[in-house]
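One letter stands for each residue in the lines below.
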Amino acid sequence: METRQKDRRIMLHRKPSNPYSEKAKIVLSEVLWKEREIAAMLEEMERLHAMRTRITSTLREVTTSPTGFNGDKRADATAQLIELQNKLCDRVALYAESVESVLQLIDGLHSGRQREVMQRRYVLGWTFPRIAADLGIELDTAYHLHGRALYNVGKSLSNNEMT
């Protein structure tokens, strides 16, 4: 998650092409950041589950220990797993809300091609070469459509703030 913050700082410190586009990029990128955060949490859950399984196997082999080991590590891993599951449920709910708001922003675009590029970029997380190949357009065209769509979404966001 430290990398996520570094990536955000890099994105925010680049010279903005225009204020509308930068604002839109930040709002739209939240979906991808949340998706990455969920993936990291799922990996951590797998690690804790594996650790819990290893501890359970060890406990079967050693039923009583002269050192007083009573399975506290397993209980700790279980508690961490439950806590992580609860956080994950919250993150998934936030992710769903973000996807919904991004889709609404994208649906507000007048150009169908811009909508297609933006959905692939910010909902599916595709690269521009993949987007261009999928839509059967030149890479430069994909970049241009993306830039125009960012400008339009950013302008729409700014107009909504004023009202």
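For every chain, the first residue of the written sequence is number 1, and numbering continues from 1 onward in sequence order. Only residues with pLDDT of at least 70 are given local features in this predicted model, and only at 80 or more are side-chain atom pairs given and counted; all residues enter the totals for whole chains, interfaces and linings. The basis for every side-chain value is the complete set of heavy atoms in the structure, and neither hydrogens nor water enter the calculation.

## Regarding the packing of helix α4 (residues 112–123) against helix α5 (residues 128–135)
Packed helices, taken two at a time, are described by their axes: the angle between them and the distance between them.
Argument step 1. What counts as an axis is a line fitted to C-alpha atoms, over the stretch in contact for a helix, and the angles between N-to-C directions run from 0 to 180 degrees. Helix numbers and strand numbers start at the N terminus; a helix is a DSSP run of H or I with at least 4 residues, a strand a run of E with at least 2. Closest axis-to-axis distance for the α4/α5 pair is 10 Å, and the angle between their directions is 135°. One way to sum up the angle between α4 and α5 is to call them oblique. Our pair here, α4 against α5, has a crossing hand that is right-handed. Note on element contacts: α5 touches α4 through Phe128, Ile131, Asp134 and Leu135, opposite Arg113, Glu116, Val117, Arg120 and Arg121.
Argument step 2. In this classification, the charged set is Asp, Glu, Lys and Arg, the nonpolar set is Ala, Val, Leu, Ile, Met, Phe, Trp, Tyr, Cys and Pro, and all remaining amino acids, among them Gly, are polar. Grouping the constituent residues of the contact of α4 with α5 by class yields four nonpolar, no polar and five charged. Roughly parallel means an angle under 35 degrees; roughly antiparallel, over 145; roughly perpendicular, 65 to 115; everything else is oblique. Helix crossings get a hand from a simple test, with the near helix turned counterclockwise from the far one by less than a right angle marking a left-handed crossing and a clockwise turn marking a right-handed one. Here, residues are in contact when the closest pair of their heavy atoms is within 4.5 Å.

## Some words on the nonpolar core
Argument step 1. What we call a nonpolar core is a set of buried Ala, Val, Leu, Ile, Met, Phe, Trp, Tyr and Cys residues that are connected through their side-chain atoms within 4.5 Å. Remark: exposure states derive from per-residue accessible area (1.4 Å probe, protein chains only) relative to the maximum for the residue type, with buried under 20%, exposed over 50%, and partly exposed in between. Counting 16 residues, the largest nonpolar core has Leu28, Val102, Met118, Tyr122 and Val153 as the members making the most contacts within it.
Argument step 2. Only α2 (19–61), α3 (72–107), α4 and α6 (139–162) provide two or more residues apiece to this core.
Argument step 3. Excluding its chain neighbours within four sequence positions, the residues that come into contact with Leu28 are Val102, Leu105, Met118, Tyr122, Leu150 and Val153.
Argument step 4. Counting residues in each nonpolar core, the second largest holds nine residues, with Trp126, Phe128, Ile131 and Leu135 among its members.

## Quick look at the packing of α3 against α4
Argument step 1. Contact pair α3 / α4: the axes reach a minimum separation of 9 Å and the direction vectors enclose 160°. What the angle tells us is that α3 and α4 run roughly antiparallel. Between α3 and α4 the crossing geometry is right-handed. Contact with α3, carried on its side by Val102, Leu103, Ile106 and Asp107, involves Arg115, Met118, Gln119, Tyr122 and Val123 of α4 and no other residues of that element.
Argument step 2. Taken together, the residues of the contact of α3 with α4 sort by class into six nonpolar, one polar and two charged.

## A closer look at the confidence of the model for the protein chain
Argument step 1. A residue's pLDDT is simply how confident the predictor is in it, with values from 0 to 100. A residue-level look at the protein chain finds 78% of positions with pLDDT of 70 or above and a mean pLDDT of 80.
Argument step 2. Put simply, helix α1 (residues 2–13) is where the protein chain has its lowest mean pLDDT, 49, and α5 is where it has its highest, 97.
Argument step 3. Here residues 8–16 scores under 50 on pLDDT; set against residues more than four positions off or in separate chains, the count is 10 contacts.
Argument step 4. Note on residues 60–69: pLDDT under 50 across the span, and one contact to partners over four residues away in sequence or across chains.

## Things to note about α4
Argument step 1. Under the convention used throughout, the expected extent of a helix is 1.5 Å for every residue step, that is, one less than its residue count. Helix length check: α4 (12 residues) gives 16 Å between terminal C-alpha atoms against 16 Å at 1.5 Å per residue, within 8%.
Argument step 2. The N-cap of α4, judged by a side-chain oxygen 3.4 Å from the amide nitrogen of Arg113 a few residues on, is Ser111.
Argument step 3. Remark: Gly125 follows α4 within two positions and exhibits a positive phi of approximately 75°. Pairs of N or O atoms within 3.5 Å make up the polar contacts considered here, provided that, within protein, one atom can donate a hydrogen while the other can accept it, and that residues adjacent in sequence are counted only when both atoms are side-chain atoms.

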